[in-house]
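Observations on chain architecture
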Amino acid sequence: MRRGEFRAQPRWPRASASLEQAFSACDASVYLCRFYAGGCPSAARGRGGSRRDPSPLGCAESRWCAARGPSRATGRQLRMEEPGQEMCRPGPRDTQALLSATQAVELRRRDYHMERPLLNQEHLEELGRWGSAPRTRQWRTWLQCSHARARALLLQHLPVLVWLPRYPVRDWLLGDLLSGMSVAIMQLPQGLAYALLAGLPPVFGLYSSFYPVFIYFLFGTSRHISVGTFAVMSVMVGSVTESLAPQTLNDSTINETTRDAERVRVASTLSVLVGLFQVGLGLIHFGFLVTYLSEPLVRGYTTAAAVQVFVSQLKYVFGLHLSSHSGPLSLIYTVLEVCRKLPQSKVSTVVTAAVAGVVLLVVKLLNDKLRRQLPMPIPGELLMLIGATGISYGMGLKHIFGVDVVGNISAGLVPPVAPNTQLFSKLVGSAFTIAVVGFAIAISLGKIFALRHGYRVDSNQELVALGLSNLIGGIFQCFPVSCSMSRSLVQESTGGNSQVAGAISSLFILLIIVKLGELFRDLPKAVLAAIIIVNLKGMLRQLSDVCSFWKANQADLLIWLVTFAATILLNLDLGLMVSVVFSLLLVVVRTQMPHYSILGQVPDTDIYRDVAEYSEAKEVPGVKVFRSSATVYFANADFYSDALKQRCGVDVDFLISQKKKLLKKREQLKLKQLQKEKKLQKQAASSKGASVSINVNTSLEDMRSNNVEDCKVMVSPGDKMEDATANGQEDSKAPDGSTLKALGLPQPDFHSLILDLGALSFVDTVCLKSLKNIFHDFRDIEVEVYMAACHSPVVSQLEAGHFFDASITKKHLFASVHDAVTFALQHPRPVPDSPVSVTRL
């Protein structure tokens, strides 16, 4: 077998094999290991062995033999011990039986030596045949027209055609049926209550619980989320409807019927505009937009929205008539008005809300305690609706005690109505905010359930499905919807497996709209307010996030607090904008202040770590390795340069300025000396007259050499000219005496600087300029600069930015830090006062 070839390793024989077969297999493995790797590591160092396990083949002997192939000798050895995948690992008893103690000790003393050439970027590109990756022009596939392309688009945007023909009826239908009934039972009271929260008649909450749910059944990709009315969306819609259709106008009360009709028109138009935004963003694949809403931001925003919802329901709990407030600080004004009018509260309304709230809390606690015993949760909201409606009708709460009730609920569906396009200009900002928030809530819940049950949710298609639900729902006078966390959990926990459960719940709501809706005309509004407040329990629990974020990540805590405060003070639309801008600015600030470190070599490895964190990591003599934990771009390029100069322990700017001053002073001395010589020559010529001729055709090089010598004598008169020429290689590089030593300036204690650029993900023009300035500045103080560990896209960007030139070539860029360190040690710049011995790594 020739060197460079590889043959399959013999497998370790089973226990039943003969001893001769075992020995032959062991000898073959050891031979191959010696042949390819030149030795194998100690069993104590390998992954398969330990001090107690003297198995020599438990080390990486077969691993390196199989993966390496022949080594390439270059006169330099990199010491590397890297465990890989074992190909044969005998047990300790087998090894003790097969190998003698002498052989085990001999193998334990051996070590790996991997030989390869130093790789800078130029050599790496030659070795790997580097070339730019081919660009995929996806837009060409979008413009293709074929039967297969049309079918793929249809199945992509209408997922029900994919999963419904494969629906396992026997396995899933019963669970979806029970789940759909459970969700519908919750959907009914929540639809009525959340319509009240949006400032609309309760029946429109039922419409919003039917049309969007059925549309999502056709176009959605999540199997478990429950689309429909949601508290956060309802309170955002309510802030818009109350601002555009207020309770009073010019201190005069508007007719309730006219006001409700105008609010319905505003809400339905808003829903159409929200749907257009979501469908448009989904079709252009802007589903990633929600990634800018981080989890702390969403949790802080929903917590603040829950507080907004709670405050908005106080007027129904206490039976108060409040003036509408909108815009910044509207929540504060509402709370102050509630406190001022608290003596005007209706006791009957307060008692009704309190009893309903206590009963609902008890039912929810029972559901939590008996979750495993009950086949489905106790429908507390539905029972509360039926009981409260019956009590209100029997006791005459409206006429006798003055308790506000829902009022007339029209039976049947309403015809479609075109949106009022004149309102688009007033609603466009709120519509975009509601579109983003609704999608963020839906996709976050959808991904949670998808991860839990092992399927994929398409964010772009979810955006289209939610947009179509709002768009078509708005035409049928619905208000914007999203998905509810509580209903989604019920849909999953009661056995729901697909959106068939959603379709069943929507059909149940349709039955109520057509036949049973008018039965709830005597339902007290205080009961609906109690249902809303009790269902806020989960979101209000998120106030405990302050403690968890304080312990986990204080930057996330800052995002949460700013989002919460901005949403409370500035209302929901402005609060979201402020929180998104703040979170993005915080990301920029964090990249401006990354962790800068000087790296040292971990003993006997090619790994370099921060010397401040690893006590055993030592700086390589004469070499500084600098690393930043973030990419370098226009926002932190100056900070990067300043941190580099500070961590290196050399005042680079001072040395450069002093060097320039001394060189300028030397030039002035040259000029003075030249003028003095000319003056002396003129005097000598005038004294001797025409009889003496002076040859003034002195070459420029002779003049400069004479000037340099004279200047050296004047600057340091105690030094002789032979001392300057005795410096060997240094003076050969700087014949004009412009080195730091010749100028009497302190010299750096290192001759090479290595920039670990492994953290760079991109570079811009400011970064390129900053890196070039670093090269020039450190070369001025006689320190050579190298770069290491650049990724291929970054190298391409360096080339595109014309970073490489005659002075900075690809030979200054190395494949790894260890390559750069080794090259720097083999090619040091001489530092006479502190000579550095080249260490062989």
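First, a word on scope: everything that follows refers to the structure included in this document. (Residues numbered from 1 in each chain as written. Predicted model: local features only at pLDDT ≥ 70, side-chain atom pairs only at ≥ 80, totals over all residues. Heavy atoms only, no water.)

**Considering the overall build of the chain**
Scanning the chain from N- to C-terminus turns up 35 helices and ten strands. For the chain, buried positions account for 47% of its 841 residues. When the accessible surface of the chain is totalled, it reaches about 42900 Å², and 59% of it is carbon and sulfur. (Helix = DSSP H or I, 4+ residues; strand = E, 2+ residues; numbered from the N terminus. Buried < 20%, exposed > 50% of the residue type's maximum accessible area, 1.4 Å probe, protein only. Areas by Shrake-Rupley, 256 points an atom, 1.4 Å probe, with all protein chains shown as cover.)

**Structural notes on the layout of surface pockets**
Approximately 1100 Å³ is the volume found for the second largest pocket. In terms of lining, the second largest pocket is formed by 44 residues, of which the most central are Glu 242, Gln 247, Arg 263, Lys 315 and Tyr 316. Broken down by secondary-structure element, the contributors of at least two residues to the lining of the second largest pocket are α9 (169-197), α12 (231-244), α13 (256-283), α14 (295-312), α15 (314-318), α16 (330-340) and α27 (554-592). For the lining of the second largest pocket, the element with the highest residue contribution is α13, accounting for six residues. For the lining of the second largest pocket, the class distribution of residues is 16 nonpolar, 19 polar and nine charged. (1 Å grid on protein atoms, 1.4 Å probe; cavity = no way out; pocket = protein on both sides within 12 Å on 5 of 7 lines; lining within 4 Å. Points joined across faces, edges and corners; volume = space filled by probe spheres on them. Nonpolar A, V, L, I, M, F, W, Y, C, P; charged D, E, K, R; others polar.)

**Looking at the packing of α13 against helix α21 (residues 459-475)**
Two numbers describe how α13 lies on α21: the axes approach to 7 Å, and their chain directions differ by 155°. On the basis of the axis angle, α13 is roughly antiparallel to α21. With respect to the hand of their crossing, α13 and α21 are arranged in left-handed fashion. Counted together, Ser 268, Ser 271, Val 272, Val 274, Gly 275, Leu 276, Gln 278, Val 279, Leu 281, Gly 282 and Leu 283 of α13 and Asn 460, Leu 463, Val 464, Leu 466, Gly 467, Leu 468, Asn 470, Leu 471, Gly 473, Gly 474 and Ile 475 of α21 form the full contact between these two elements. Of the residues assigned to the contact of α13 with α21, the class counts are twelve nonpolar, ten polar and no charged. (Axes fitted to C-alpha atoms, helices over the stretch in contact; angles between N-to-C directions. Parallel < 35°, antiparallel > 145°, perpendicular 65-115°, else oblique. Left-handed = near helix turned anticlockwise from the far one by under 90°. Contact = heavy atoms within 4.5 Å.)

**Observations regarding the environment of Gly 575**
Mapping Gly 575 onto the fold places it in helix α27. Residue classification places Gly 575 among the buried residues on the basis of a relative accessible area of 0%. Counting along the chain gives 247 residues from Gly 575 to Pro 328, while the straight-line C-alpha distance between them is 9.1 Å. What Gly 575 contacts, discounting residues up to four positions off in sequence, is Ala 566, Thr 567 and Leu 570.

**So, the pairing of strand β9 (residues 784-788)**
Where burial is concerned, most of β9 is hidden: five out of the five residues are buried. Of the two faces of β9, both are covered, the one formed by Glu 784, Tyr 786 and Ala 788 as well as the one formed by Val 785 and Met 787. Summarising the sheet, strand β8 (residues 752-756) and β9 pair through five bridges and their orientation is parallel. For Ser 752, the partnering residue across the bridge sits in β9 and is Glu 784. Between the parallel pair β8 and β9, the chain is carried across by helix α33 (residues 765-780), and the sense of this crossover is right-handed. As paired strands, β9 and strand β10 (residues 813-814) are joined by two bridges and run parallel to one another. Residue Ala 788 lies in a different strand from β10, and its bridge partner there is Phe 814. With helix α34 (residues 792-800) bridging β9 and its parallel neighbour β10, the resulting β-α-β unit is right-handed. (Pairing = 2+ DSSP bridges. Right-handed = clockwise from strand over helix to strand, strands pointing away.)

**Focus: the nonpolar core**
When a protein is soluble and globular, its nonpolar side chains tend to lie buried together. Ranked by size, the top nonpolar core spans 105 residues in total, and within it Leu 188, Val 232 and Leu 528 carry the most contacts. At 14 residues, helix α20 (residues 424-453) tops the list of elements feeding residues into this core. Ala 643, Ile 656, Val 763 and Met 787 belong to the second-largest nonpolar core, a separate cluster that totals 40 residues. (Core = buried A, V, L, I, M, F, W, Y, C linked by side-chain atoms within 4.5 Å.)

**Comments concerning a nonpolar patch on the surface**
A cluster of nonpolar residues, Leu 283, Ile 284, Phe 286, Phe 288, Tyr 292 and Leu 584, forms a patch on the protein surface that exposes about 570 Å² of accessible area. Residue placement: Leu 584 occurs in helix α27. Looking at Leu 584, the relative accessible area reads 39%, which means it is partly exposed. (Patch = residues over 30% accessible without salt bridge, like charges linked within 9 Å, V, L, I, M, F, W, Y side chains within 5 Å. Salt bridge = Lys/Arg side-chain N within 4 Å of Asp/Glu carboxyl O.)

**Some words on the sheet that holds β9**
If you trace the six strands from one edge of the open sheet to the other, you get β6-β5-β7-β8-β9-β10, paired in mixed fashion. The sheet is open, and its two borders are formed by β6 (608-610) and β10, each paired with just one other strand.

**Describing helix α24 (residues 525-535)**
Most of α24 is tucked away: ten of the eleven residues are buried. Residues of α24 that are buried: Lys 525, Ala 526, Val 527, Leu 528, Ala 529, Ala 530, Ile 531, Ile 532, Val 534 and Asn 535. Tucked into the core, α24 has its buried residues touching α9, α14, α15, α17 (347-369), α18 (380-395) and α25 (537-540).

**A closer look at the packing of aromatic side chains**
If you walk through the whole model with that rule in mind, you get 20 aromatic pairs. Between Phe 214 and Phe 217, the aromatic rings sit 5.8 Å apart at their centres with planes inclined by 35°, giving tilted as the arrangement. Here Phe 214 pairs with Phe 217, and both are found in helix α11 (residues 211-219), just three residues apart, close to one helical turn. Their ring planes at 45° and their centres at 5.0 Å tell us that Phe 286 and Phe 288 sit as a pair that is tilted. Given a relative accessible area of 41%, Phe 288 falls into the partly exposed group. An aromatic cluster of at least three residues, connected via ring pairs, comprises Trp 163, Tyr 167, Trp 172, Phe 214 and Phe 217. (Phe/Tyr/Trp six-rings, centres within 6.5 Å; stacked < 30°, edge-to-face > 60°.)

**Concerning the pairing of β8**
Most of β8 is tucked away: five of the five residues are buried. What you see with β8 is no split at all: Ser 752, Ile 754 and Asp 756 on one side and Leu 753 and Leu 755 on the other are buried throughout. Pairing between strand β7 (residues 623-628) and β8: five bridges, direction parallel. Among the inter-strand pairings, Arg 627 is bridged to a residue of β8, identified as Asp 756.

**Here we look at unusual backbone geometry**
Of note, Glu 782 is a non-glycine position whose phi angle comes to about 65°, a positive value. Its place among the elements puts Glu 782 in the loop between α33 and β9. Given the relative accessible area of 17%, Glu 782 is considered buried. One non-glycine residue, Ala 789, lies in the positive phi region at around 65°. For Ala 789, the location among the structural elements is in the loop between β9 and α34.

**Regarding the pattern of salt bridges**
Applying the stated criterion across every chain yields a total of 14 salt bridges. The partner of Glu 125 in a salt bridge is Lys 810, with the nearest N and O atoms 2.8 Å apart. Within this pair, whereas Glu 125 is found in helix α5 (residues 121-128), its partner Lys 810 is found in the loop between α34 and β10, the two being separated by 685 residues in sequence. The buried category is assigned to Lys 810, whose relative accessible area is 14%. Across the pair Arg 259 and Asp 260 runs a salt bridge whose closest N-O atoms are separated by 2.8 Å. Pair check on accessibility: Arg 259 and Asp 260 agree, each one buried. Sharing partners across several salt bridges, the network here consists of Glu 125, Glu 799 and Lys 810.

**Quick notes on the side chain of Ser 498**
One can find Ser 498 in the loop between α22 (485-493) and α23 (500-516). The class of Ser 498 is buried, set by a relative accessible area of 2%. Each residue touching Ser 498, except ones within four places of it in the same chain, is listed here: Trp 163, Tyr 167, Trp 172, Asp 176, Arg 223 and Gln 491.

**Side note on α20**
Between its first and last C-alpha, α20 extends 40 Å over 30 residues, near the 44 Å set by a 1.5 Å rise per residue. Once α20 finishes, Gly 454 follows within two positions and takes phi at roughly 80°, a positive value. (Expected span 1.5 Å × (residues − 1).)

**A closer look at the state of the cysteines**
Here the structure, examined in full by the defined rule, presents zero disulfides. Looking at the unpaired Cys 767, the closest cysteine sulfur is the one in Cys 790, lying at 8.8 Å. Under the relative-accessibility criterion, Cys 767 is labelled buried at 0%. (Disulfide = S-S within 2.5 Å.)

**Overview of the packing of α14 against α27**
Here α14 crosses α27 at 45°, and the two axes come no closer than 8 Å. In this view, α14 runs oblique relative to α27, as classed from their interaxial angle. The two elements α14 and α27 cross, and the hand of that crossing is right-handed. Taken together, the residues that form the contact of α14 with α27 break down as 13 nonpolar, eight polar and two charged.

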